[in-house]
Each structure stands twice: as structure tokens, then as C-alpha cells.
Amino acid sequence: MAWSIIRNHRNLSTNSHEVRRKIEGIQEKFAVDNNLEYAEHLGRLCDEIIQHPLCVEHYEVDVHWSLLDFLLTLACNPTGALRRNKEKIDILLQEHNEIAQAECLESENDHWKKVLQEDFIPLERFNKSSSDLSSWSDESSEELLATCTEAEIVSQTSHELPENPRPPRGMENIKPPQKSLPYYKYDGSSAEQRLLSTVQHSWWEKGIRTVHPQIESTNKEANFALEYHRQLKSSTSHRIRGEPETATEYSLMREIFWMFQVPLTCKFFYVNEEKITIRKNVTLTSTRPVAIGSMLEEQFLPYIRMMHDLRNFNKLIYSSDDYTPPNTLEHYAASLELLLAPIWNELLACERDLLLQRNCEINTVIRFHHKLRPTFAKLSYLHNIHQQAVQNIRQLPAHISSVHLLAALIHSNRIATTATEANLAMSLFLASVKIFLIIADTWWTEGRLDDWHNEFIIERVNEQGQSIRIREFVKNKEKAFFVPTQISKMITENSFFQMLLEHSLEAGCTLNLLYEINRIGELRSACDAIEGKLYAVFIDDVLKYVRILQKQIIEAVREAKENNRLEIGGDSTLRNDNHDEVDKACDDGVGDVPKEVATEERKADVSNNSHVDDEVLQKLTTNDDFLLLAFTMNMNLTEPNEKVGDQCDARVKYAEKNEEPTALEIFEQFEDSKHILPLEEVVLNALSRILKTRIAFANSFVMRLYSEEFDILKHLRNIRKIYLLEASDIMHQFYNKLFKQIESGDEWANAFLLTTQLDDIISTKFSDMSSLFRIEINSAFRCQTVKVYEAVDELALSYNLSTELAHMIKQEDLEAYNKVFRFLLKVKWGLATLENLPFPRSHKRKMPYAPFEMVDLLMRRLEQLRFWMLFAIQSIHFHLMTHVLQSMGEQLDEKIVKCTNLKEMVTVHRSYMNTVCEHCFLAENYSSLKLGVEQLLNLAYILRLEWNSCVKYIESNSNPLAIVDLNDSTDEADYVTNSQIDAIELTYIRCHQYLANKLNNEVYIKHNAFLLGLSTAFNTSLPY
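Source: prediction; values computed, not measured.

*Asks:* How should I be thinking about the overall build of the protein chain in this particular structure?
*Replies:* When helices and strands are tallied, the protein chain shows 42 helices and eight strands. Counting across all 1024 residues of the protein chain, residues that qualify as buried make up 40%. Taking the contacts inside the protein chain whose residues are at least 6 apart along the sequence as the reference set, 73% of them involve residues at least 24 apart. In the form shown here, the protein chain has an accessible surface area of approximately 60900 Å², with 52% of it arising from carbon and sulfur atoms.

Structure (C-alpha cells):
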């Protein structure tokens, strides 16, 4: 039954159209992915399968479509597989094309052979019969042709393979000439043999654990380690450690040198990730494991770890993909590597001596440790300096890391106890500070603060009124900026940081101004002090001062030895040798001392003379090691040209190369002196002198621009004429018209119309001041009032400031000018209001013996009150316009002329405005006086209302023919009954008394002498 179902199934065959659509879809995806050639090749392969004779003639219907459908179903993500395996597919396609071409060529050759063989005449084979007639063979022509071709092939092969000829006698072993190759073939066996014989030893090979070298010696202690272990094992019953592994001392020294280069687990050392330890049960043949372990732990392992830490830092800087260090740290890492180079060379030299073993010298661990003790000391100094300078560079911002690095290097130089340590720290500082000086030099020469890694101490900002600002170096919780207190303290208390910060803030305003007005090029061409790179000039000055110090110290020591030769104990031969040595050093020049390796005898001589030098310095300095150095620093360092040329020929080798010295070269020059030099003071003085010289030139250039080209005094006078009402003759027209518009209730708050009116009034007398001022309205809603002292508060004047003026006159200064301007307008209005009060006409032509009525008494009281208030406001007006504005304006001009830099000019102008605001009672500490003046002005407005009512009442009563308006209120009609003269008088008395007391306190308690005149005016004219 199952067989019948399989044979007689009714299932439909594969849908060819669906398979075709799948193939076309895959081809379209290939084309979209820019793989058109692969799409075309897929189509050709599918066509080959479809048109293959085996598929077409197969008894199964649509077997080719079923096969393609099966292959497409098996294929998972063809486009992704194509991207991943494109190289493999290209190789397969190339092989397929080569096979296809070979088959095509073979088939073509067979075709042409058959075509050519069609015209061949078949050869007749003769039988060896005696018949005279030849007869054709019964074989067909094809068989004859086949036999003929076979015979030809056999004959050809027989001719192609001749027998080898024998060489002549005596030349059997001579090889024929061969072509010489232009290269050498690699022979791996010799390299492996050399590795095993020179570098890798058997105790490092895997699978070999215990090696017991035997020392052939009559001394039993030569193999003490194993003998002790065997004796201990036989004499004790408890379990002890296994037999120790032993090695020769030569092997130990080789491993020590290897651990400095590439730390790996070996016989004596074990490396676990970043931790290096000593293996416990390994020793030399003559010592116990505990002894050799403690010796390696104390004498060698600390320095191996130091070298490993320094190498890891270089990897972090140069080989880390997830961290981009600041340029200062990169220069520090490069300088550190240069200073490590002599240490490497000394280690390699010791290893070379160990390998060569010249003169059969005995090399021991103790001897090599003694020989490398100065090298290890230098390595220890470098590591200590590095640990103080570099801390958490990944967590800290770039500017904190860079500035802390420089501050820590200076601190290391300050606390150094040896000359070598101090010289190492200062040479690293001089090499690392190059980036900061390059940034500063670019800032000086091009005006751009190119701080791409955000590591400089200041940054450029676009805030209003501020172009640069100091970066954060202290913890700030508001800005979520956190930095360790220790690091912040070291940075902020560092002398180099303070000096560079002061220079940056002082030069920042000047340089930004020149950059914005495009005058930085003129500064560069006008000032000779900016010629040359800042770092190159700085290094040259530092090295020059150091050479002078070294020369003076040597001369002082030589002179002291000559004067105290009999007082200094010691061998006479030693003194003569030492004296000759010092003379030779002074004659040749400090900078010309060769840097060759000295002999052992010369080193011993120098070490013996150092004790004598110390005694001389003690006698010279009176038990103060730094007194001589301080004395030399304060001496006149300038000498005649011929002496300087004799001592420092051609600025040493750095000037000859015309290159900047590296950290190693700087350190070598510092090492010419055996004493600790005041390098920090030398560096700071040299840098300060260069920066101050540049700042002085830049300030002189800027002040010349401000005085001659920008005419700053003219602009300041223009501002005072309008803001401070110094041009009162023209401003009188403007503010009188403005007061009338406000009191009339008209729509006056139009900034454009007010600006036009002001400009027209100014242009009539000062044509050069046209279009410089503009009036703005702060709030149009609050301008809907008829009270002048309230409406004036919404006015604001603005001055057309150019770029250069905006650096001096800030927006805060204009706001202060506007405060004074509005306050002066209020005082002017109060004075004009009291002066323009109209008197009744009837009083001008009153009869001599006319009756004196009650209203006349009220009018006299109002006149007296007007006189009091007029005197008070005139006193305030006189104080403001004369003692404050006029005299202080003249003083401002004198101080501006005497300014030497832009910062000082800004400070003088800011101080002037602060003083003006204080003297005009606009400062916070004079708010009580301002309140009294405003109450007085408000009382003037009330007095005018009372005055107008009284005048109106008098005029209406004095004219009997006047028409009485019945709509008038009873209050206005009966003015005498409802008069407020008593309250106004009492209010003024209190206001006058308040101002008099406040002014008296300011003068005699707070000692503000500028208020003495105003206080006298108020205290000598009391209205009670």
C-alpha cells in the first residue's frame, strides 16, 4: 500500500514562477548592495542548471526547479553571507573561471584537430607477401588513421626522451652552472639553534621543572643549598618543603636583566598580570631560598617594579585606544622615555659585560648591584617624581592633569634632597611646559587660543562683557565639579601657576582686542620682543643663567681654595689635583665639558674632592648652603662679551644645531654642577622677564592706538556731555520738551521720535556726535503717567560703541551712566518745577492798603515753603553738577592719559563710575540719602498741585466779573477751608531734618568728606 501511494502520488510539481521570483529577488538585493556582478553570476549559474541536459531529459517533471528551490531554501541570509565570505567566493569564482577556460580551450583544440584530420590521406599498410600487387586492407580508414597517429606519438616520445649523455672523464662531480638569486633563503634551523644557545636556556623550556647545576669545587659550601636541604630532611621527622630548584648566578643575572626589559615568568620571578613577585623555592647553589629571596626582594625587585610602572605609563599614553591624553602629558611621557634611555644603556652595558666576560672577570650579583647603584638611584628619583606628578589622569579633566603635572614637578624640584633629583624634576618640567608656552606663543603671535585638548589654565568664552575666564581648579558643588583638595591646593599655591595666571589675565584683554580688530599682525611687526618662539627664547635664557651660576660657583670654590689652602686639611697632592681640575674646568668653560665616560681613576678623584668642596662651601656660606647661591643670583650677571664668549662658546651645542634642547640634554647640562641650584627661581625669573617684556610692548602698542587712532578721550567726553548733562545748554531743550510731553498726557513714549529729537538737538552744535546716541523705552505700560519722576525711570540711553570701545566701556558702565542720567533728570525736573511756579496776577498790581485776607496768608506760606525747597534742591543740584561731575570728569581725563595698559584703563573708568554713583547717592550704602532726595522731589510735585489750586482760587476771587462754574466742586470753591499747607510744611520739615541728620552722620561718623558742603547747606538752613 505504501509503495502504491509513493508511485501513484497526486502531488503538484514545484512552481517554477515562484522559484524564478525568488531568484530575481535575490539578484535585486545583490544589485542594491552594490554587488551587481555577483547577481549576474547567480543568474548565469541558475540558467546553466535549468538548461542542463540531465535536468531537461530527466523523467521527473521540473526537477531543476525543485533543485533550485531546495538550494534557495537552504540558503540563510544570502546577502549577509556574501558580505562575510566575499573573499572566499572570489577565490572560488576565479578557480571556476580557470577550469571553464581550460575546458573551453581543450574542447577547441580537439575541434580543430578533427577539422584538420578530415583531409588526411590514410596510409596503406603493405604485407610481407610475394604478391606484386598491393591490395587495400580490410580495415576502415578510421582504424588506419588511429594506428597512424599512435605510431607518430610513439615516435615523438622516443625522440623527446633521449638517453643522458655521459660527462667526460674527470668531470663527473662538477655541477652545471646555476642562476644566482638576489636574496637569501631563510634557514629556520640556524635561528632556532642560536636562540637556544644564546638567549633561551634549558631551565626556561616547558616540561623541565627542576634543574640542579653542580658546582665542581673543593669547598663544600659551593653546593650549600642542596646539601642543607638533604641534611634538614634527614634530621627532621616532620614534613618540609620540597627540594629547592637551583640555578647558577649567571642565570640569575641574565634573568634580572631580562625582567627589566620584558617581565615574564621565569626561574626566579613570577609575573601574575601586573604583579611581579619572587618565587619561593628557587635559589642559587650556594645560598638558601630565603636568603636569595630577601636579597632580590630588597635590592632588585623594587627597581624592576619601578621600571615596569614607567613603561606601563608610556603604554597608557601612546597605546591606549580608549583614552586621549593632553599634549602636556604626551611631552612628559616622551621626556621620561628620553631620561630612561641612559638607564637602559647602562643596564645593556652591564649585560654585555656579563655575556662577553672580558679577561675572565668574575661577575656576581653583589658586584653588579654595586656597579648599578647610581643607575638604580636615578631610576628611583624618576619613579618618585613620576608618582607625585601623575595621579588619576583618566578621572581628572585635562586642565587639572596638565597643571597638576607642572606644579608637582616644581614641587619635586623644591623638596629634592640631591642635585640629581632636583635636576631630573626641573628637566622634566622644562620639557613638559613646552605645550603651555606654545599655546601662549600662538596667542601672542596670531591672537588665537589654540587649546584643542582643553588643558590651558584659561578658556575663551562668548559671555557678554567677558572674553576669557579661568578654568575651575577648586571643587564647585554648584557646577558639579569635584577635584581632590590636595590636588587643588598644590595647583593654586604653585608659583608658576600664579605667575602664568596673572600674565594670562593681564594679556588676555589686550590680545583679544587686537585679534578682534585685526591688529595682531601690526603688533608682531612693530614689537621686536615677539620675534622668535617663546619656548626657544625661554630655554635659551634659562640655560644661559644656569651656565653663569655654574661658572660663578666654580670660580668661588677655586678662589676660596686659594685663600684657605692652609686651613683645609688633607693630602697636598690631593689639593693640587683638585685645584688643577677646577682650573681646567673654568678655562674650558662649563658648557664645553665633554660628555664622555670618565675613567675609574678620575671618578675616584672627584669623589675624594667632593668632601673638600663641601668644607670650602661651609666656610664660605657660614653654615648656610644657599647663601652663596642667593648671592650669585643677586649679582650683575652681565659680563663683557669676550668673557662670556670664553666661558660659553656659541651657546653650547644646542645653538650650533639650531634646535630646541631635549629633556636629556637639559639634564646633562644641569649635571655639570655637583650642587643644588636654585632652578625654580631661575625658571620663574626668566619666564617672568620674557612675558613682562611682551606685555609691556603690547600695552604700549594698544595705548598708542587708543590715544591716537581711537581717540578714547573724545568718546568719554561725548558720553559725559549727554549722560551726565555736561552740555546743559543743548540738553536743556531736550529734557524741558520731554517734561512737557509727559505732564501733558500725550503719547510721548516713542523711542524713534525721542531719538530723532535728541539727535537733531545734538547735531546743531556737535555735528561729529550725530547718530551716536539712541533712546530706548524699557516699559511702555509704566509710561502712561503724568508724573515725570516716575516716567523717567523707563528711559534708557545707549551709545554706539565700536569693537575697541566695547573692550573698555562695558555694558555695566552704560547701565551706571543711565542711572546717573535718570537721577539728574529727576533733579532737573524738581528744580524746574519749583522755579516755574506761576504767581497770581492780582498780587503783581495789588493796592498798597488792600485788606490782607486768609488766602493771602496761605499764599505767603506756600511762597516760603517754595523758597525752602528751592534752596534744598539747588544745593543738591550744585553738589552733583559741580563737586561730583565736573571735577571728577577732569580727573578721569588725567588718569586715562597716565594709564599704561588696557586693564588699567578699564579699572580707572570703572572706579570713576563707581565713585560717581556713590557721590550721586546711587550706591547701596547711600540708599538712605537717595530715599530722602526722592521724597523731596515727590513733595515738589505735591507743592505744585497745592500752589496751582491756591493761585486759581486767588484769581477767581480777585476778578468779580469772572463767570462762576457751578460744576466746580465745593472743595475747590472753598480752598481756604480745605488747604493742605500744614501737612506739606510738616512733611518738608521732617524730610529736611532727615537729610540733614543723614548727611551729618556720613560726614562725621563715616568720614565721607565729599558730603561736607551739602551737609553744611542742610544743617545751616533749618526751616524750624
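*Asks:* Sorry, what's going on with the pattern of salt bridges here?
*Replies:* Two side chains of opposite charge can pair, provided their charged atoms sit close to one another. Taken as a whole, this structure holds 29 salt bridges when the rule is applied. Among the salt bridges present, the one from Glu-680 reaches Arg-414, with a minimum N-O distance of 2.8 Å. Of the two residues, Glu-680 sits in helix 30 (residues 679–709) while Arg-414 sits in helix 17 (residues 398–415), which places them 266 residues apart along the sequence. Its relative accessible area of 15% is what places Glu-680 among the buried residues. Among the ionic contacts, a cluster of salt bridges with common partners joins Asp-451, Glu-459, Arg-469 and Arg-471.

*Asks:* Just to check I follow, could you spell out helix 2 (residues 16–32) for this structure?
*Replies:* Along an α-helix, a turn takes 3.6 residues, which lines up residues three or four apart on a common side. Under the 1.5 Å per step criterion, the end-to-end length of helix 2 is 24 Å for 17 residues, consistent within 8% with the ideal 24 Å. Among the residues of helix 2, those classed as buried are Val-19, Ile-23, Ile-26 and Phe-30. Buried residues of helix 2 fall within an arc of 60° about the axis and therefore sit on the same side. For helix 2, the exposed residues lying more than 90 degrees away from the buried face are His-17, Arg-21, Glu-28, Lys-29 and Val-32. The elements touched by buried residues of helix 2 are helix 3 (36–51), helix 5 (63–74) and helix 6 (78–84).

*Asks:* Can you walk me through the packing of aromatic side chains in this structure?
*Replies:* Taken as a whole and judged by the stated rule, the model has 19 aromatic pairs. An angle of 40° between the planes, with centres 5.6 Å apart, marks the rings of Tyr-735 and Phe-739 as tilted. Separated by four residues within a single helix, Tyr-735 and Phe-739 lie in helix 32 (residues 728–744), roughly one turn from each other. Note on accessibility: Tyr-735 and Phe-739 belong to one class, buried. Cluster of aromatic residues (ring-pair linked, three or more members): Tyr-723, Phe-773, Tyr-799, Tyr-817 and Phe-821. Its end group placed over the ring of Tyr-545, Lys-544 keeps NZ or CZ at 5.1 Å from the ring centre.

*Asks:* What is the right way to look at a nonpolar patch on the surface in this model?
*Replies:* On the surface, a nonpolar cluster with roughly 390 Å² of combined accessible area is contributed by Leu-67, Phe-70, Leu-71 and Leu-74. With respect to the helices and strands, Phe-70 occurs in helix 5.

*Asks:* Explanation requested: the side chain of Asn-901 in the structure shown.
*Replies:* The topology assignment puts Asn-901 in the loop between helix 37 (854–898) and helix 38 (902–919). At a separation of 3.2 Å, a polar atom in the side chain of Asn-901 contacts the main-chain amide nitrogen of Lys-903. Of note is the side chain of Asn-901, whose polar atom sits 2.5 Å from the backbone nitrogen of Glu-904. Beyond its immediate chain neighbours, meaning those up to four positions away, Asn-901 contacts Glu-506, Asn-699 and Met-703.

*Asks:* What am I meant to see in the environment of Phe-260 here?
*Replies:* Here Phe-260 lies in helix 11 (residues 249–261). Overall, Phe-260 belongs to the buried group, its relative accessible area being 3%. Distance from Phe-260 to Trp-344, taken between C-alpha atoms, is 8.8 Å for residues 84 residues apart in sequence. Contacts of Phe-260, omitting those with residues within four sequence positions, involve Tyr-303, Ile-304, Met-307, Arg-311, Trp-344, Leu-347, Phe-376 and Leu-379.

*Asks:* I'm lost on the confidence of the model for the protein chain in this one. Help?
*Replies:* Detailed reading of the predicted coordinates is not advisable wherever pLDDT falls low. Taken as a whole, the protein chain shows an average pLDDT of 78; of its residues, 74% reach a score of 70 or greater. In this model residues 123–163 is a low-confidence stretch, pLDDT under 50, and it forms 13 contacts with partners more than four residues away in sequence or in other chains. Overall, residues 568–657 carries pLDDT values under 50, and its contacts beyond four positions in sequence, including any with other chains, amount to 102 contacts.

*Asks:* Sorry, what's going on with a negative patch on the surface here?
*Replies:* Together, Glu-37, Glu-40, Glu-87 and Asp-90 give the surface a local cluster of negative charge. Residue assignment for the negative patch shows that the elements contributing at least two residues are helix 3 and helix 7 (86–117). Tracing the chain through its elements places Glu-87 in helix 7.

*Asks:* How do you make sense of the environment of Pro-840 when you look at a structure like this?
*Replies:* By the secondary structure assignment, Pro-840 is in the loop between helix 36 (811–835) and helix 37. Classification of Pro-840 as buried rests on a relative accessible area of 0%. Measuring from C-alpha to C-alpha, the distance between Pro-840 and Glu-955 comes to 6.4 Å, with 115 residues separating the pair along the chain. When neighbours within four sequence positions are excluded, Pro-840 is seen to be in contact with Met-859, Val-951, Ile-954 and Glu-955.

*Asks:* Help me understand helix 20 (residues 485–492) in this model?
*Replies:* Residues Ile-487, Ser-488 and Ile-491 constitute the buried set of helix 20. Seen from one end, helix 20 has its buried residues packed into an arc of 100°, which puts them on one side. Opposite the packed face of helix 20, turned more than 90 degrees from it, sit the exposed residues Thr-485 and Gln-486. Where helix 20 is buried, its residues touch helix 17 and helix 21 (495–516).

*Asks:* How do you make sense of unusual backbone geometry when you look at a structure like this?
*Replies:* Among all residues except glycine, the phi angle is most often negative; among peptide bonds, the trans geometry is most common. Even without glycine at this site, Leu-725 takes up a positive phi of about 55°. Tracing the chain through its elements places Leu-725 in the loop between helix 31 (712–723) and helix 32. According to the relative accessible area criterion, Leu-725 is buried, its value standing at 1%. The phi torsion at His-1007 lies on the positive side, around 60°, for a residue other than glycine. Take His-1007: it is sitting in the loop between helix 41 (981–1004) and helix 42 (1012–1019). Take His-1007: its relative accessible area is 63%, and that puts it in the exposed class.

*Asks:* What's the story with the packing of helix 13 (residues 301–318) against helix 16 (residues 373–389) in this structure? I'm lost.
*Replies:* Geometrically, a packed helix pair is captured by the angle between its two axes and the distance between the axes. At their nearest, the axes of helix 13 and helix 16 sit 10 Å apart, and the two run at 50° to each other. Taken together, the axes of helix 13 and helix 16 lie oblique to each other. By crossing handedness, the relation of helix 13 to helix 16 is classed as left-handed. In this structure, helix 13 uses Tyr-303, Met-306, Met-307, Asp-309, Leu-310 and Phe-313 to contact helix 16, whose residues at the interface are Phe-376, Leu-379, Ser-380, His-383 and His-386. A class-by-class count of the residues in the contact of helix 13 with helix 16 yields seven nonpolar, three polar and one charged.

*Asks:* What's the story with the environment of Thr-510 in this structure? I'm lost.
*Replies:* Inspection of the secondary structure puts Thr-510 in helix 21. On the basis of relative accessibility, which here comes to 3%, the residue Thr-510 falls in the buried class. As for Thr-510 and Val-702, which are separated by 192 residues in sequence, their C-alpha atoms are 7.2 Å apart. Apart from residues no more than four positions distant in its own chain, Thr-510 is found in contact with Ala-698, Asn-699, Val-702 and Leu-902. At a separation of 3.4 Å, a polar atom in the side chain of Thr-510 contacts the side chain of Asn-699.

*Asks:* Hey, could you run me through the pairing of strand 8 (residues 795–799) in this one?
*Replies:* The side chains of a regular strand alternate, residue by residue, between the two faces of the sheet. In terms of burial, strand 8 is largely enclosed, as five of its five residues are buried. Along strand 8, one buried face is formed by Leu-795, Leu-797 and Tyr-799 and the opposite face, lined by Ala-796 and Ser-798, is buried too. With five bridges connecting them, strand 7 (residues 773–777) and strand 8 associate as antiparallel partners. For Ile-775, the partnering residue across the bridge sits in strand 8 and is Leu-797.

Reading the values: rules and limits
- Residues numbered from 1 in each chain as written.
- Predicted model: local features only at pLDDT ≥ 70, side-chain atom pairs only at ≥ 80, totals over all residues.
- Heavy atoms only, no water.
- Helix = DSSP H or I, 4+ residues; strand = E, 2+ residues; numbered from the N terminus.
- Buried < 20%, exposed > 50% of the residue type's maximum accessible area, 1.4 Å probe, protein only.
- Contact = heavy atoms within 4.5 Å.
- Areas by Shrake-Rupley, 256 points an atom, 1.4 Å probe, with all protein chains shown as cover.
- Salt bridge = Lys/Arg side-chain N within 4 Å of Asp/Glu carboxyl O.
- Expected span 1.5 Å × (residues − 1).
- Arc of directions from axis to C-beta.
- Phe/Tyr/Trp six-rings, centres within 6.5 Å; stacked < 30°, edge-to-face > 60°.
- Lys NZ or Arg CZ within 6 Å of the ring centre and 35° of its normal.
- Patch = residues over 30% accessible without salt bridge, like charges linked within 9 Å, V, L, I, M, F, W, Y side chains within 5 Å.
- Polar contact = N/O pair within 3.5 Å; in protein donor to acceptor, adjacent residues only side chain to side chain.
- pLDDT = per-residue confidence, 0-100.
- Lys, Arg positive; Asp, Glu negative; His and termini not counted.
- Charge placed at Lys NZ, Arg CZ, Asp CG, Glu CD.
- Axes fitted to C-alpha atoms, helices over the stretch in contact; angles between N-to-C directions.
- Parallel < 35°, antiparallel > 145°, perpendicular 65-115°, else oblique.
- Left-handed = near helix turned anticlockwise from the far one by under 90°.
- Nonpolar A, V, L, I, M, F, W, Y, C, P; charged D, E, K, R; others polar.
- Pairing = 2+ DSSP bridges.

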